[in-house]
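Below are the chains, spelled out letter by letter.
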Amino acid sequence: MATLNGEDEVVGLCRDLIRIDSTNAGDNSGPGERAAAEYVAEKLAEVGLEPQILESDRGRANVIARIAGEDSSRDALLLHGHLDVVPFNAADWAHHPLSGEIADGCVWGRGAVDMKDMDAMILAVVRQRLSEGRRPPRDVVLAFTADEEAGGHYGAQWLIEQHKDLFDGCSEAIGEVGGFSVSVDEARRLYLIEAAEKGIAWMRLTATGRAGHGSMLNAENAVTELAEAVGRIGRYEWPVRMTQTVRTFLEETSRALELELDLDDAEKTVAKLGPLARMIGATLRNTTNPTMLEAGYKANVIPQAATAHVDGRFLPGYEDEFFQTVDELLGPNVTREFIYHDIAIETDFDGPLVRAMADALLAEDPGALAVPYTLSGGTDLKAFSQMGIRGFGFAPLKLPADLDFSGMFHGVDERVPVDSLRFGVRVLDRFLDGC
């Protein structure tokens, strides 16, 4: 087998994956992940692995492979990435989101940061190491999943329910939304490693009342009841709750940025973080954002029912408080049901795996400081954590100081710098040596 170079391959792998349409609108009507899964499986088979393509439904494909380590008696490490991407409106983009165009030193396209970049880095590193005959210190399980963008019902969640044995021995994992840099100055960068995720509660609120003519008096108007409940929930100011991960992030970041930290006024510190403030600010408290409303069918008819959707997110350790408060805000005539509900997770930011991540970053960037943070959204790690797997978000990218990286998740003109992809390959290679 010819020796492969991951740094040379990663850009092409990322472009190829972006060009494969794996859009997931959440209703199982899209192209699915089958074509992307076949591409990944082919690239893994070329270096001697025996990947399995597992379909949970027509076209909803996952890829699993295991690399035997030097010491298979140790617990295994899971590397996971999803193959689906969110929808897009191509007319809004400077370069077509399925083009994989290289422009201004970046690879452009849907999935460039979420998360075909990491998929490509994993493939590039694995292909180089196996072509060179280098095995990791312990077994590594590779999982490229379907449906992460819609909750993982056809992907990670299905895998742990139907194919749990494929993850035998896995105790730790790394995946998306972490390991990217935020510049302190020209010489120093923070690398945010996800150590916690907020829980998810997408809720449908329903108010019922008495239907009638719009010209009549009606004290049981469902629209009024619903509107008042939505207003209370949407305007509610959730209190700041200082979780372990958020506290550590603020302490480390304040020290690095030489900011005065007042934990009794954490928002004041967060406000000084520039583009990061949007991402970190959402992790200081629970949130409830109304997103959809539906009621009635004619201007002069009072409907019997009205509904609204609310996107709720709760911090690790505060789920009970979250739902107790929501129920109080609803009032007596509005009920709630789940559209989607998933757990919050959090792990300590210490131990050999954390040291391996920090050391790998420092070896490639002497100005690196690894800090933990909480993700306001969710990833496949929620599903894998149900098997007792302790995970982190670690898709390492050294980024230009002026790039609003967090703003490109699900955004327009998503792109990743070419040099960042190559940096990620080097870091992941070092990380696997030390894991």
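Please refer to the structure placed before this passage.
Computed from a prediction, not measured in an experiment: that's the story for all the values here. (Residues numbered from 1 in each chain as written. Predicted model: local features only at pLDDT ≥ 70, side-chain atom pairs only at ≥ 80, totals over all residues. Heavy atoms only, no water.)

**Q** Break down the environment of alanine 143 for me, citing the residues and quoting the values.
**A** Position of alanine 143 relative to the elements: it lies in strand β6 (residues 140–145). Residue alanine 143 is classed as buried on the basis of its relative accessible area, which comes to 1%. Separated by 223 residues in sequence, alanine 143 and proline 366 place their C-alpha atoms 31 Å apart. (Helix = DSSP H or I, 4+ residues; strand = E, 2+ residues; numbered from the N terminus. Buried < 20%, exposed > 50% of the residue type's maximum accessible area, 1.4 Å probe, protein only.)

**Q** Tell me about the packing of helix α1 (residues 6–19) against helix α12 (residues 418–434), residues and numbers included.
**A** The angle between the axes and the distance between the axes are what describe a pair of packed helices. Contact geometry of α1 with α12 gives a least axis separation of 9 Å together with a crossing angle of 125°. Relative to α12, α1 is oriented oblique. Crossing hand, α1 versus α12: right-handed. Judged by residue contacts, Gly6, Glu7, Val10, Val11 and Cys14 of α1 engage Val418, Leu421, Arg422, Val425 and Arg426 from α12. A per-class count over the contact of α1 with α12 returns 6 nonpolar, 1 polar and 3 charged. (Axes fitted to C-alpha atoms, helices over the stretch in contact; angles between N-to-C directions. Parallel < 35°, antiparallel > 145°, perpendicular 65-115°, else oblique. Left-handed = near helix turned anticlockwise from the far one by under 90°. Contact = heavy atoms within 4.5 Å. Nonpolar A, V, L, I, M, F, W, Y, C, P; charged D, E, K, R; others polar.)

**Q** For the packing of aromatic side chains, give the residues involved together with the corresponding values.
**A** Counted by the stated rule, this structure contains 14 aromatic pairs. Between the aromatic rings of tryptophan 238 and phenylalanine 322, the centroid separation amounts to 5.3 Å while the plane-to-plane angle is 15°, which identifies the pairing as stacked. Within this pair, whereas tryptophan 238 is found in the loop between α5 (222–235) and α6 (244–257), its partner phenylalanine 322 is found in helix α9 (residues 319–330), the two being separated by 84 residues in sequence. Accessibility assignment for this pair places tryptophan 238 and phenylalanine 322 in one class, buried. (Phe/Tyr/Trp six-rings, centres within 6.5 Å; stacked < 30°, edge-to-face > 60°.)

**Q** I'd like a rundown of the sheet that holds strand β10 (residues 199–208), residues and numbers included.
**A** Strand order in the open sheet made by the 4 strands is β12-β14-β10-β15, with antiparallel pairing throughout. Of all the strands in the sheet, just β12 (287–295) and β15 (334–342) have a single pairing partner and so form its edges. Neighbour-to-neighbour, the strand axes of this sheet turn through a mean angle of 20°, independent of strand direction. Sheet topology note: the β10/strand β14 (residues 305–314) ladder contains 10 bridges and is antiparallel. Bridging from a neighbouring strand, threonine 206 pairs with threonine 307 of β14. Sitting on the sheet, α5 touches β10, β12, β14 and β15, and the angle it makes with β14 is about 15°. Lying over the sheet, α9 contacts β10, β12, β14 and β15, oriented at roughly 150° with respect to β15. (Pairing = 2+ DSSP bridges.)

**Q** Account for the pairing of strand β8 (residues 180–183), with residues named and values stated.
**A** With 4 bridges joining them, β8 and strand β9 (residues 189–197) adopt antiparallel strand pairing. Residue pairing for β9: serine 183 is matched across the bridge by arginine 189. The hairpin turn running from β8 into β9, its antiparallel successor, is 5 residues long.

**Q** So what about the environment of isoleucine 200? Which residues, and what values?
**A** Looking at the element boundaries, isoleucine 200 is found in strand β10. Taking relative accessible area as the criterion, isoleucine 200 reaches 7% and is therefore assigned buried. Here the alpha-carbon distance between isoleucine 200 and aspartate 342, two residues 142 residues apart in the chain, equals 5.0 Å. Sequence-distant contacts of isoleucine 200, that is, excluding residues within four places in its chain, are made with Gly312, Arg313, Phe314, Tyr340, His341, Asp342, Gly378 and Lys382.

**Q** Please set out the side chain of glutamate 414 residue by residue, giving values where relevant.
**A** Relative to the assigned elements, glutamate 414 resides in the loop between β18 (390–393) and β19 (415–417). Accessibility expressed as a relative area gives 1% for glutamate 414, which makes it buried. Once you skip the residues sitting within four places of it in the chain, glutamate 414 turns out to touch Trp93, Val107, Trp108, Gly109, Arg110, Gly111, Ala112, Val113, Asp114 and Met408.

**Q** Break down unusual backbone geometry for me, with residues and values.
**A** In this model, aspartate 114 is joined to methionine 115 through a cis peptide bond whose omega is -15°. Considering the arrangement of structural elements, one finds methionine 115 in the loop between β5 (106–108) and α3 (116–131). Phi is positive for asparagine 28, close to 65°, though the residue is something other than glycine. Looking at the secondary structure, you find asparagine 28 in the loop between α1 and α2 (34–45). Classification of asparagine 28 by relative accessible area gives partly exposed; the value is 29%.

**Q** Could you give me a rundown of the sheet that holds strand β4 (residues 102–103), with the residues and numbers involved?
**A** Here 3 strands make up an open sheet; going across it, the order is β4-β5-β19 and the pairing antiparallel. Looking at strand neighbours, the two that pair on one side only are β4 and β19, the edges of this open sheet. Pairing geometry for β5 and β19, over 3 bridges, is antiparallel. Counted as the bridge partner of tryptophan 108 is arginine 415 from β19. Contacts between α1 and the sheet are confined to β4 and β5, with β5 contributing the most and set at about 15° to the helix.

**Q** I'd like a rundown of α3, residues and numbers included.
**A** Its 16 residues give α3 an end-to-end C-alpha distance of 22 Å, which sits within 8% of 22 Å, the value for a rise of 1.5 Å per residue. Most of α3 is tucked away, with 16 of its 16 residues classed as buried. Glycine 133 occupies a position one or two residues after α3 and carries a positive phi of about 75°. (Expected span 1.5 Å × (residues − 1).)

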